[in-house]
Amino acid sequence: MAGLSEFELLGRVTIGQYLPTGSRVHHLDPRVKLVMVVLMITAVVVSHSLVGLALLLAAVVSGLLSARIPLRFALAGLRPMLPFLLLLALLQVVAIPQYGAGATVIWRWSILTVTDRSVLAGVLLIARFTVMVLGISLFSFSTTTTELTHGVEHLLRPLQALGVPAHEFALVVNIAIRFLPILAEEAERLMKAQASRGADFGRGQRNFITRTRRLLPLLVPLFLVSLQRAEELIEAMEARSYLGGKGRTHLIHLQARLSDYVALASVAGVAALVIRLSLTNADGMVWRWLTEHLL
Amino acid sequence: MDQTTRKIVIAGVMGAISIFLGASHLGFIPWLAGAALTIMHVPVIIGAVLEGPWVGLAIGFIFGAFSLIQAAIAPTGATDVWFTNPFVSIVPRLFIGPVAWLVYRALSSGNEIIALGVAGVAGTVTNTVLVLGALGLLRLLPWGLIGTIAVTNGIPEAILAAIITVAVVAAWKRIETGRTGSTV
């Protein structure tokens, strides 16, 4: 028996990790922060340029600094991944040949081929992941879930004219987040009830069939209880004449300030520059310079 | 009465289950060599079967967005590195619900239980094929390895998803129609 901690699910289901330092970044408009995250992710995914990723890394780190978030907090998510990240990068380097124009073979041994392209791909993988983790951490450290859902709804509002159910979608996200603690509580109750009847949830049990058979008496009631709760919520909302987003007013009005525009413009500038850099092959120039002057 | 409130609430609640299964690690079942099986996509299938493709799409988005956030800030396993890319974590998940719903609707005139099981399998296959396909297209994994993973993880996940979908939806519909006794 692993003790009662086995049943404590509530503490494990927090989304994000808001860190109230009250900095300038925390006070930014959530809409602006959302757009900045989307821009950053797009730039990271699109960028094939090491120089571009270095620029993005610098931008994210300066964001973390101005949000007064200790760097070790942001890096904590990266540490457990590090061994595997290196392994993946290695796989990228040796196992997946990256040919294409101008690739030179550096090393070859039976089926393993290393080209300069594949080395670059490995380094890019690590750089991309690091920027992504730090960027998303910055967002979740500085934005509460309430701000997040408000931001989503306000951002999608112009799309409502095109028939996109913005208000409804924001409400879905909100219900999902608000439901989490309830679900954790229900699951705890179910686990205790089943355990008192002799159930063992087989943590640490590696046999697939036993694990599954022991999980079913927890999962199926969990779904059914949630559906029951959903019915109650539907009834409660309909009893209060909930009619969707039409003609609804809001308690909180988001107002973008000068600092929001400045932040947005600078992130958009960096993203545009990064995308431009991957089109012009800035790395090629840096690489050529390095090989000419150092090798 | 239009069904908007119902669709919103079911989508939210199923999205919450998907997040919960991921965050509590209940949704992961250890499997060969540390590559865990997941059932986080099952709420997407169940939501789509109960309330239609749009609900499935919304739950799929929540599932995908959460797996992206989790991969970035609270990684659970080695493979999380890939899931920080929205083309791996979000885009493929949008299709799970609509596919499961289409399959269910096409078969639901026959045996309901079989329709549910096949919808569970179809939703899982959509997830497996599109996620692994994205990994292959992004050149993160060699295609040979992808084929192996598709078989070793995809098949047990499909079976699991079918079992849970049938068990939950059959039990739920029975409650709604007031029938008693087991038909499964």
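Our subject is the structure that appears above.
Residues numbered from 1 in each chain as written. Chains lettered and ligands numbered in written order. Predicted model: local features only at pLDDT ≥ 70, side-chain atom pairs only at ≥ 80, totals over all residues. Heavy atoms only, no water.

Chemist: An account of the interface of chain B and chain A is needed here, citing residue identities and associated values.
Modeler: Chain B puts 62 residues into the contact, and the matching count from chain A is 61 residues. Linking chain B to chain A there are one salt bridge. The partner of Arg6 of chain B in a salt bridge is Glu231 of chain A, with the nearest N and O atoms 2.9 Å apart. Where chain B touches chain A, the interface holds one residue pair in polar contact (both at pLDDT 80 or more). Elements represented by at least two residues in the side of chain B that touches chain A include exactly helix 1 (4-23), strand 1 (28-29), helix 2 (42-51), helix 3 (53-73), helix 4 (86-89) and helix 8 (154-177) of chain B. The leading source of residues in the side of chain B that touches chain A is helix 1 of chain B, at 17 residues. Here the side of chain B that touches chain A is composed, by residue class, of 48 nonpolar, 10 polar and four charged. (Contact = heavy atoms within 4.5 Å. Salt bridge = Lys/Arg side-chain N within 4 Å of Asp/Glu carboxyl O. Polar contact = N/O pair within 3.5 Å; in protein donor to acceptor, adjacent residues only side chain to side chain. Helix = DSSP H or I, 4+ residues; strand = E, 2+ residues; numbered from the N terminus. Nonpolar A, V, L, I, M, F, W, Y, C, P; charged D, E, K, R; others polar.)

Chemist: Residue-level account of unusual backbone geometry, with values.
Modeler: Glycine aside, the phi torsion of most residues is negative, and most peptide linkages are trans. Residue and element names in this part refer to chain A. Even without being a glycine, Arg68 presents a positive backbone phi close to 55°. For Arg68, the location among the structural elements is in the loop between helix 2 (50-66) and helix 3 (71-76). Arg68 gets classed as exposed once you look at its relative accessible area, which sits at 53%. Phi is positive for Ser241, close to 60°, though the residue is something other than glycine. On the secondary structure map, Ser241 appears in the loop between helix 8 (208-239) and helix 9 (258-280). (Buried < 20%, exposed > 50% of the residue type's maximum accessible area, 1.4 Å probe, protein only.)

Chemist: I'd like a rundown of the packing of aromatic side chains, residues and numbers included.
Modeler: Going through the model one piece at a time under the given rule, you end up with one aromatic pair over all chains. Pairing Phe169 of chain A with Phe61 of chain B gives two aromatic rings, centres 5.5 Å apart and planes at 70°, and the pair type is edge-to-face. Within this pair, whereas Phe169 of chain A is found in helix 7 (residues 166-196), its partner Phe61 of chain B is found in helix 3, the two belonging to separate chains. Overall, Phe61 of chain B belongs to the partly exposed group, its relative accessible area being 32%. (Phe/Tyr/Trp six-rings, centres within 6.5 Å; stacked < 30°, edge-to-face > 60°.)

Chemist: Describe helix 9 of chain A, and please don't skip the residues or the numbers.
Modeler: Think of an α-helix as turning once every 3.6 residues; residues three or four places apart then point the same way. The terminal C-alpha atoms of helix 9 of chain A lie 33 Å apart, and with 23 residues this matches the ideal 33 Å at 1.5 Å per residue to within 8%. Regarding helix 9 of chain A, the residues found buried are Asp260, Ala263, Ala271, Val274 and Leu277 of chain A. (Expected span 1.5 Å × (residues − 1).)

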